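# Descriptive analysis of the structure
Here is how the chains run, residue by residue.
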Amino acid sequence: MISPIKSSKIEYDIRTYRNHRKEPADPSAKYKVAAGAVIGTLTPMAFIAKKQKTNIFKIKYNTKEMLLLSTGAILGGLATGLLTGKKEHHKQKINEGVFQFLNATVPTLLTASLFSLTKKVKNLNNIPCKVLSALTGLIGGMFLASKLANIINDPYDKVPDRKLTIKDSVANIDDAIGILVVTKVPIADKLQVDKVLPAVYGLCGYRAGMSN
C-alpha cells in the first residue's frame, strides 16, 4: 500500500513533468501571459487579414500564414512571461519557447515539403503516398523538433532532455489540421477546421510563458 506522502510526491512529479512548472504559477501571471499570447496571436492575424483583404475570421491559411501565426503567438506568450516572471525562470521559459516554436513549425514545414514532393514526382502522385507523406511529416516532425530543441537548448547535454508530453502531442493538432488544409481535403473546408489554429498556437505561447 502506497503511503499518502509517497502518493502526493508521485502526483507532484507527474504534474511538474507535464506542465514544466516546478512551483505553482502566480494567478495574476496566468492572466498576463494569456493576454500576451492572445495579443501575439491577433497581431499577425490582423496583418494577414489586411494582406488578404478580408477579416480575421475569413483568413485562408497556408504554410506561410501558419508559420507567421505560430511565431507571433509564441513570442507574445514568452515575452510576457519574461517580463512578469522571476529572473531565475527566464532560461527555462526561453528553452520552452524554443521547444514550442520548433514543435509548431518543424512538422508543418516537413509535411508541406513531403506533400509537395508527391505532387512533383509522377510515381508518388497518388493517395497512398500522399497519406504516407502526411503521417511521416506529422510524426517524424514532432520527434525531429524535440531533438533539435534539446540540441539548441542544451548543446553539451548537461541536463535531461525535454521529452514530448501528452499536452505537446495535443498541441500538434495544429499540424494535423495543417495537413488537412495543405492537402486540400474537401472535408477540411466544410468543417472549417483551420479556424481553431489561433487557439492552438495561443496555447503554445501560453505554455512557453508559464514554464518555470
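Below is a short write-up of the structure. Every value quoted in this text rests on a predicted model; they were computed, and no experiment measured them. (Residues numbered from 1 in each chain as written. Predicted model: local features only at pLDDT ≥ 70, side-chain atom pairs only at ≥ 80, totals over all residues. Heavy atoms only, no water.)

## Let's talk about a nonpolar patch on the surface
A contiguous nonpolar surface patch, about 510 Å² in accessible area, is contributed by I127, V131, L135, I139 and F143. For V131, the position within the fold is in helix α5 (residues 127–153). (Patch = residues over 30% accessible without salt bridge, like charges linked within 9 Å, V, L, I, M, F, W, Y side chains within 5 Å. Areas by Shrake-Rupley, 256 points an atom, 1.4 Å probe, with all protein chains shown as cover. Salt bridge = Lys/Arg side-chain N within 4 Å of Asp/Glu carboxyl O. Helix = DSSP H or I, 4+ residues; strand = E, 2+ residues; numbered from the N terminus.)

## Some remarks on the packing of helix α3 (residues 63–84) against helix α9 (residues 197–210)
The contact between α3 and α9 brings their axes to 7 Å, and the two run at 30°. Between α3 and α9, the interaxial angle falls into the category roughly parallel. Viewed along their axes, α3 and α9 form a crossing whose handedness is right-handed. Along the contact surface, α3 presents M66, L69, S70, A73, I74, G77, L78 and G81, while α9 presents L197, P198, Y201, G202, C204, G205, A208 and G209. Along the lines of polarity and charge, the residues of the contact of α3 with α9 split into ten nonpolar, six polar and no charged. (Axes fitted to C-alpha atoms, helices over the stretch in contact; angles between N-to-C directions. Parallel < 35°, antiparallel > 145°, perpendicular 65-115°, else oblique. Left-handed = near helix turned anticlockwise from the far one by under 90°. Contact = heavy atoms within 4.5 Å. Nonpolar A, V, L, I, M, F, W, Y, C, P; charged D, E, K, R; others polar.)

## Description of the nonpolar core
Core analysis: the largest hydrophobic core is formed by 13 residues, its most contacted members being M45, I59, Y61, M66, L69, L197 and Y201. Of all the elements in the fold, those that place two or more residues in this core are α2 (27–52), α3 and α9. With four residues, the top contributor of residues to this core is α3. Discounting chain neighbours no more than four positions away, the residues touching M45 are I56, I59, Y61, L69 and P198. In this structure, F99, L102, A145 and A149 belong to the second largest nonpolar core, which totals five residues. (Core = buried A, V, L, I, M, F, W, Y, C linked by side-chain atoms within 4.5 Å. Buried < 20%, exposed > 50% of the residue type's maximum accessible area, 1.4 Å probe, protein only.)

## Things to note about the packing of α3 against helix α4 (residues 90–120)
Contact geometry for α3 and α4: axes closest at 10 Å, N-to-C directions at 175°. With respect to α4, the axis of α3 lies roughly antiparallel. Here α3 contributes T63, M66, L67, S70, T71, I74, L78, G81 and L82 to the contact with α4, which in turn contributes H90, K93, I94, G97, Q100, F101, A104, T105, T108, L109 and A112. Split by residue class, the contact of α3 with α4 holds ten nonpolar, nine polar and one charged.

## Observations regarding α2
Owing to its 3.6 residues per turn, the α-helix aligns residues three or four sequence positions apart on the same side. Look at α2: 38 Å from first C-alpha to last across 26 residues, which is about the 38 Å you get at 1.5 Å a residue. Here α2 has its buried residues at A29, V33, G36, A37, G40, T41, P44, M45, I48 and A49. Buried residues belonging to α2 abut α3 and α9. Positive phi appears at K53, one or two residues downstream of α2, with a value of about 60°. (Expected span 1.5 Å × (residues − 1).)

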